[in-house]
Amino acid sequence: MMGSSGTESGVRHFLSIGDLPVEEAIELFRWARLFKQARPHLPQGLGYTLAHTTWVLLFSKPSTRTRLSFEIAIRELGGESLFLPFTDLQLARGESMADTARVMGRLAHGAIIRTYAQAEIEEFSRWASIPTVNALSDEEHPCQVLSDIFSFEEKRGSIQGKRVAFLGDGSCNVARSWAIAASRFGFDLIIGSPHCFWFPSPSERVFWTESPWEAAQEADLLYTDVWVSMGKEGEKEAREELLRPYQLRSELVKKAKPDVLVFHCLPAYKGKEITAELFEARAQEILDQAENRLHVQKALLSWLVKKLPSSPGV
Ligand code: CP
Ligand code: NVA
């Protein structure tokens, strides 16, 4: 049933936003709402769906939100987490990913991986045979976009039929996950980005324009991400020059629908991809968006171990 993640063994993975069938995402969002409502009532919460399990977080890139939200989610679901930078592992001295994965698969119950190549995460999932999550690769950031769709729907109802505008680095991992999500969740995505950042549209729901004005027109959601993604630091000056016209600013917001939401996956570089003024004006919705990573990932982890609680219990 699942997409690229391969489930011959029955193990669920979340390597791409395309791995989650939309009907399961709807159920997952229902549980994310319940986890959110239940949190003030911890410790009884919603049940310890990860009790007696240990999850490894393998990261080769920095992280604030993803690490924190996953580690807290795992604790609050009764599990344990171990944060393992790639540099601390024998991987850094040449041990293969296949061997690393086979050992971890014997010891841990799940893995959450942030690295450069998507193929590395896929390789881990094949060899480890434990639930594996893509916590950001150069190609995708599925946990971010899953949570962002939840955040949109929490404030505006179903995203189906809506118009999402992504401005800036159209080639980045976050934009690519949005592009895969568009046809599945039934919204239109218009990416305002210089032509050199375009990639083939994965569906007829994804449109490209070099005009930030056209992209912002009548948008229900305006979204941006950093101009210099992790690993692209060598292109910093060229990117800042190319992407300056796509800065999210109040003039562009006026082109959108009157009730447009402004989201940023964070970290934000104010004065670059978004003005400080617009960021502060929309800080509430951007921070709601950041908080929801926790609630959605609790539901995601529970789904991965096939333990979405059958009753709310609050
Ligand atoms: N948005 C996001 O993934 O943030 P971190 O890089 O801090 O995890
Ligand atoms: N596109 C950004 C996302 C950060 C959460 C990056 O890869 O650095």
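Just above, that's the structure.
Bear in mind the structure is a predicted one, so any value in this text is a computation, not a measurement.

Student: Quick one: what's the story with the nonpolar core, residue by residue and with numbers?
Tutor: What tends to happen in soluble globular proteins is that the nonpolar side chains get buried as a cluster. If you look at the biggest cluster of nonpolar residues, it comprises 58 residues, and the most contacted ones within it are Ile 112, Leu 146, Trp 178, Phe 187, Leu 189 and Leu 301. Of the residues forming this core, the biggest block, 8 residues, is contributed by helix 1 (residues 22-38). Ignoring anything within four residues of it in the chain, the contact list for Phe 187 reads Ile 149, Ile 159, Gly 161, Lys 162, Val 164, Trp 178, Ala 181, Ala 182 and Arg 205. In terms of nonpolar packing, the next biggest core, distinct from the first, is built from 18 residues, Ala 165, Ile 190, Val 260 and Ile 286 among them.

Student: Give me the lowdown on the environment of Leu 243, citing residues and values where you can.
Tutor: Mapping Leu 243 onto the fold places it in helix 8 (residues 236-243). Spatially, the C-alpha atoms of Leu 243 and Gly 168 are 6.0 Å apart, while their sequence positions differ by 75 residues. With sequence-adjacent residues up to four places away left out, Leu 243 is seen in contact with Gly 168, Asp 169, Pro 194, Phe 197 and Trp 227.

Student: Hey, could you go over the site of ligand 1 for me, with residue numbers and the actual values?
Tutor: The local shell around ligand 1 consists of Ser 63, Thr 64, Arg 65, Thr 66, Arg 114, His 141, Gln 144, Cys 265, Leu 266 and Arg 293. Taking Arg 114, its side chain carries an N or O atom lying 2.8 Å from an oxygen atom of ligand 1. In the model, a nitrogen atom of ligand 1 is placed 2.9 Å from a nitrogen or oxygen of the Cys 265 main chain. In this structure the site holding ligand 1 corresponds to the largest pocket.

Student: For the pattern of salt bridges, give the residues involved together with the corresponding values.
Tutor: If you walk through the whole model with that rule in mind, you get 19 salt bridges. As a salt-bridge pair, Arg 239 and Asp 169 come within 2.8 Å of each other at their nearest N and O atoms. Of this pair, Arg 239 sits in helix 8 while Asp 169 sits in the loop between strand 5 (163-167) and helix 6 (173-185), placing them 70 residues apart in sequence. Using a relative accessible area of 3% as the deciding quantity, one classes Arg 239 as buried. With a shortest N-O distance of 3.6 Å, Glu 241 and Arg 244 are connected by a salt bridge.

Student: Could you give me a rundown of the site of ligand 2, with the residues and numbers involved?
Tutor: The immediate surroundings of ligand 2 are formed by Leu 136, Asn 173, Asp 225, Val 226, Ser 229, Met 230 and Leu 266. Within the contact set of ligand 2, a nitrogen atom lies 2.8 Å away from a side-chain nitrogen or oxygen of Asn 173. The separation between an oxygen atom of ligand 2 and a polar main-chain atom of Met 230 is 2.8 Å. Relative to its unbound accessible surface of 270 Å², ligand 2 loses 95% to contact with the protein. Placement of ligand 2 is best described as lying within the largest pocket. Of the residues assigned to the shell around ligand 2, the class counts are 4 nonpolar, 2 polar and 1 charged.

Cut-off values and rules
Here the residue numbers are simple positions, counted from 1 along each chain's written sequence. For naming, the first written chain is A and the first written ligand is 1, with later ones following in the order written. Confidence filtering applies because this is a predicted model: local features only for residues at pLDDT of at least 70, side-chain atom pairs given and counted only at 80 or more, and all residues used for totals across whole chains, interfaces and linings. Only heavy atoms go into the side-chain values, all of them from the structure, while hydrogens and water stay out. Residues belong to a common nonpolar core when they are buried Ala, Val, Leu, Ile, Met, Phe, Trp, Tyr or Cys residues joined through side-chain atoms within 4.5 Å. Burial classification: accessible surface area is computed with a 1.4 Å probe over protein chains only, and a residue below 20% of its type maximum counts as buried, one above 50% as exposed, and the rest as partly exposed. Helix numbering and strand numbering both begin at the N terminus, where a helix is a DSSP run of H or I of at least 4 residues and a strand a DSSP run of E of at least 2. Contacts between residues were defined by any pair of non-hydrogen atoms, one from each residue, lying within 4.5 Å. One heavy atom within 4 Å of a molecule or strand makes the whole residue count as near it. Within 3.5 Å is the distance limit for a polar contact, defined as a pair of N or O atoms, with the added protein rule that one can donate a hydrogen and the other accept it, and that residues adjacent in sequence qualify only through two side-chain atoms. Detection works on a 1 Å grid of protein atoms alone, calling trapped sets that fit a 1.4 Å probe cavities and calling open sets with protein on both sides within 12 Å along at least five of seven lines pockets, with lining residues defined by an atom within 4 Å of a point. The way we define it, a molecule is inside a pocket or cavity when more than half of its atoms are within 2 Å of that pocket's grid points. Each reported salt bridge corresponds to a side-chain nitrogen of Lys or Arg within 4 Å of a carboxyl oxygen of Asp or Glu. Only the protein chains shown count as cover for residues, and all accessible areas are computed by the Shrake-Rupley method using a 1.4 Å probe. Under the scheme applied here, ten amino acids are nonpolar (Ala, Val, Leu, Ile, Met, Phe, Trp, Tyr, Cys and Pro), four are charged (Asp, Glu, Lys and Arg), and all others, including Gly, are polar.

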